[in-house]
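What the coordinates show
As a plain string of letters, each chain reads:
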Amino acid sequence: MTKMADNRSSVEIVEGCRLPVLRKNQEHEDEWPLAEILSVKEVSSRKLFYVHYIDFNKRLDEWVTGDRLDMKKLQFPKKEAKTPTKNGLPGSRPSSPEREVRKSLDLNLQTATAPSRGKTLPTPVQKRKVETVPLATQVPPATPVPSLPSSAEASQASVFPAVRETTTFKAREDHEQISSLTTNGTARRLIPPQPGRKRKANCGGTDEDSQDSSDGIPTAPRMTGSLVSDRSHDDIVTRMKNIECIELGRHRLKPWYFSPYPQELTALPILYLCEFCLKYLKSLKCLQRHLTKCNLRHPPGNEIYRKGTISFFEIDGRKNKTYSQNLCLLAKCFLDHKTLYYDTDPFLFYVMTEYDSKGFHIVGYFSKEKESTEDYNVACILTLPPYQRRGYGKLLIEFSYELSKVEGKTGTPEKPLSDLGLLSYRSYWSQTILEILMDLKPDNGERPQITINEISEITSVKKEDVISTLQYLNLINYYKGQYILTLSEDIVEGHERAMQKRHLRIDPKCLHFTPKDWSKRGKW
């Protein structure tokens, strides 16, 4: 599809315009999705346009030439509304936030200096929002579940003829958990506010890990922290990829998102990284000179797991600050929903490596807070693109839950999850829970029984994630006064096929890990 050159020359395309742009889909066929122009530049007297495809992930954003634009359907950005009137008087401009703050300060000053006549001024009380915990984040609506009956009303259910195996779990212990289920597969529970903890709001629009004060005044320096990005600070610069290519060991990586590397390095065609200390360098010659001086052949920190060629290293964000910051910079190239904190002190980093004769090569990592008031066992998690779709993502997730088992806790990843992260976690939860249900043996000829609490304790998966997974798999059914888990032939066969492909597993015997009590600041 060719566009006329005179059409393009007669209309100037500016930032904010929307129009169809030619791209190849997964089947390598031409398609014309709607895209927004984020930036325009001229290279060698030819204009290039940085486009974001509407309703597509940002990692697909790219620079395109003018011949890929459909000028016939060009939409110009909407003009901003005229200056509104104030108090019905035309021409009077609205007051700015600064003027409003100054006015309120003056009023407060006048109130404070006025005689109180023996009465004490009331102290304003800060209010916290009630936190909600979604049970099925981004999960399609499940089959409606009726309210849970009391255990006295529950009766034994008969086996459905169309199913191969039916597992029944007791309802009495989980009354509080199940009774909060709603028909769309989500639930709410109240969480008492944690004193002294302030967390950044996530970009998903929920309040699950935010405790906002009503006055908006910045809080004191945090001792723990969320890595969830605050989209209120997004600008046109951070919406665009700034690194063209990264060379890491024997791999060359094309970044998906913006990462705040030094400005002078963003113009380079290739950014070189030492694959052992992750130091960034501007040229191959600088990298070669650095390698003669770099003594590392593995990530700094303690090796806490090794089986075959796979190893895990535990890295303290305070003791190895430079490495942790370089790791965050690299990870930000492939994580859009997380922000970068140069203060890595509150975090531990667990780096997975693959060993060969040259050393331990980074495959992926996850980070976690030293202290988490929300039972998060993962803050950020990433498998580098060359190692994706090979089972390493599930291995990272499985390792995070093995650590939780040793700590004697249940855990959950920090929300919101990326699209790829959600798929990986949903798949891991499904396989882990189905593995337990299929291993249950009948008791005295009766159908086996298990509770949500027992599943959570065995797997260290948080109860909310267990329930959301059962709903996603559509296993929960209400029959003759009690809840039963129905495993159909298709689910069982699909699970068996998936487990045959899953060759990489964590061996708990190879884990050498002793949890620390991070509540004592001396341990930091």
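Residues numbered from 1 in each chain as written. Predicted model: local features only at pLDDT ≥ 70, side-chain atom pairs only at ≥ 80, totals over all residues. Heavy atoms only, no water.

As annotated in an unreviewed UniProt entry, the chain carries the name Histone acetyltransferase KAT5 and is attributed to Amphiprion ocellaris. Database annotation for the chain, UniProt heading Sequence similarities (unreviewed entry): "Belongs to the MYST (SAS/MOZ) family." According to its UniProt record, the chain has this under Subcellular location (unreviewed entry): "Nucleus". (UniProt positions renumbered as here; feature names shortened; annotations may be inferred.)

This paragraph deals with the packing of aromatic side chains. What the rule picks out here adds up to 17 aromatic pairs. A centroid spacing of 3.8 Å and a plane angle of 5° characterise the contact between Phe312 and Phe399, whose relative ring orientation is stacked. Here the residue Phe312 occupies a position in strand β13 (residues 310-316), and Phe399 occupies one in helix α6 (residues 392-407), the gap between them amounting to 87 residues. Phe312 sits in the buried class, given a relative accessible area of 0%. Where Tyr350 meets Phe366, the ring centres are 5.1 Å apart and the plane angle is 20°; that geometry is what we call stacked. Placement of Tyr350 in strand β14 (residues 347-356) and of Phe366 in strand β15 (residues 359-369) is noted, with a sequence separation of 16 residues between them. With relative accessibility at 0%, the residue Tyr350 sits in the buried group. The exposure class assigned to Phe366 is buried, which follows from its relative accessible area of 0%. Linked through ring pairs, Tyr305, Phe312, Tyr350, Phe366 and Phe399 together constitute an aromatic cluster. (Phe/Tyr/Trp six-rings, centres within 6.5 Å; stacked < 30°, edge-to-face > 60°. Helix = DSSP H or I, 4+ residues; strand = E, 2+ residues; numbered from the N terminus. Buried < 20%, exposed > 50% of the residue type's maximum accessible area, 1.4 Å probe, protein only.)

With that out of the way, let us pick up the UniProt feature "active site" (unreviewed entry) in the chain. The UniProt record annotates "active site" (unreviewed entry) at Glu414. Of note, Glu414 is situated in the loop between β18 (412-413) and α7 (419-439). With relative accessibility at 1%, the residue Glu414 sits in the buried group.

Core analysis: the largest hydrophobic core is formed by 77 residues, its most contacted members being Phe312, Leu330, Tyr365, Phe399, Leu437 and Leu470. Setting aside residues no more than four positions away along its own chain, Leu330 makes contact with Ile246, Leu248, Tyr261, Leu273, Leu278 and Leu384. Core analysis: the second largest hydrophobic core is formed by 13 residues, Ile37, Leu69, Met71 and Leu74 among them. (Core = buried A, V, L, I, M, F, W, Y, C linked by side-chain atoms within 4.5 Å. Contact = heavy atoms within 4.5 Å.)

Under the definition given, this model contains 20 salt bridges. Across the pair Glu31 and Arg23 runs a salt bridge, and its minimum N-O distance is 2.6 Å. Notably, a salt bridge pairs Lys462 with Asp375, separated by 3.7 Å at the nearest N-O pair. Residue Lys462 is located in the loop between α8 (452-459) and α9 (463-472), and its partner Asp375 is located in the loop between β15 and β16 (376-378); the two are separated by 87 residues in the primary sequence. Taking the relative accessible area as the measure of exposure, Asp375 reaches 35% and is therefore partly exposed. Three or more residues joined by partner-sharing salt bridges are found here, namely Glu398, Glu435, Arg502 and Arg505. (Salt bridge = Lys/Arg side-chain N within 4 Å of Asp/Glu carboxyl O.)

With that settled, consider the sheet that holds strand β11 (residues 280-281). Paired through backbone hydrogen bonds, the strands of a sheet run either parallel or antiparallel to each other. With mixed pairing, the four strands of this open sheet are ordered in space as β9-β8-β10-β11. In this open sheet, the two strands that pair with only one neighbour each are β9 (251-253) and β11. Pairing of strand β8 (residues 246-248) with strand β10 (residues 271-273) involves three bridges; the strand directions are parallel. Paired with Glu247 across the bridge in β10 is Tyr272. (Pairing = 2+ DSSP bridges.)

Our next topic: the pairing of β14. Burial of β14 is extensive: eight of the ten residues sit out of reach of the surface. Sheet analysis places β13 next to β14, joined by seven bridges and oriented antiparallel. Note on β14: the bridge partner recorded for Glu314 is Tyr350. Sheet analysis places β14 next to β15, joined by ten bridges and oriented antiparallel. Each bridged residue has a counterpart across the sheet, and for Leu348 the counterpart in β15 is Lys368.

A few words on α8. Along α8, the residues classified as buried are Ile452, Asn453, Ile455, Ser456 and Thr459. Taken end-on, α8 shows its buried residues confined to a sector of 165°, consistent with a single buried face. Just downstream of α8, Ser460 is the residue with a positive phi angle, here 65°. (Arc of directions from axis to C-beta.)

Quick look at the sheet that holds β13 now. Pairing in this open sheet of five strands is antiparallel, and the strands run β12-β13-β14-β15-β17 from one edge to the other. This sheet does not close on itself; its edge strands, each paired only once, are β12 (302-307) and β17 (380-383). Neighbouring strand axes in the sheet, compared pairwise and without regard to direction, differ in orientation by 20° on average. Its contacts with the sheet put α6 on β12, β13, β14, β15 and β17, and the angle it makes with β15 is roughly 55°. (Axes fitted to C-alpha atoms, helices over the stretch in contact; angles between N-to-C directions.)

Glancing now at a positive patch on the surface. Side chains of Lys279, Lys282, Lys285, Arg289 and Lys293 sit close together on the surface and give a patch of like positive charge. Tracing the sequence through the fold places Lys282 in the loop between β11 and α4 (284-293). (Patch = residues over 30% accessible without salt bridge, like charges linked within 9 Å, V, L, I, M, F, W, Y side chains within 5 Å. Areas by Shrake-Rupley, 256 points an atom, 1.4 Å probe, with all protein chains shown as cover. Lys, Arg positive; Asp, Glu negative; His and termini not counted. Charge placed at Lys NZ, Arg CZ, Asp CG, Glu CD.)

The next subject is the pairing of strand β20 (residues 482-487). Summarising burial for β20: six of the six residues are buried, a large majority. In this structure, strand β19 (residues 476-479) lies alongside β20, joined through four bridges in antiparallel fashion. Within β20, the position partnered with Asn477 by the bridge is Ile484. The hairpin turn running from β19 into β20, its antiparallel successor, is two residues long, and Lys480 in that turn takes a positive phi close to 50°.

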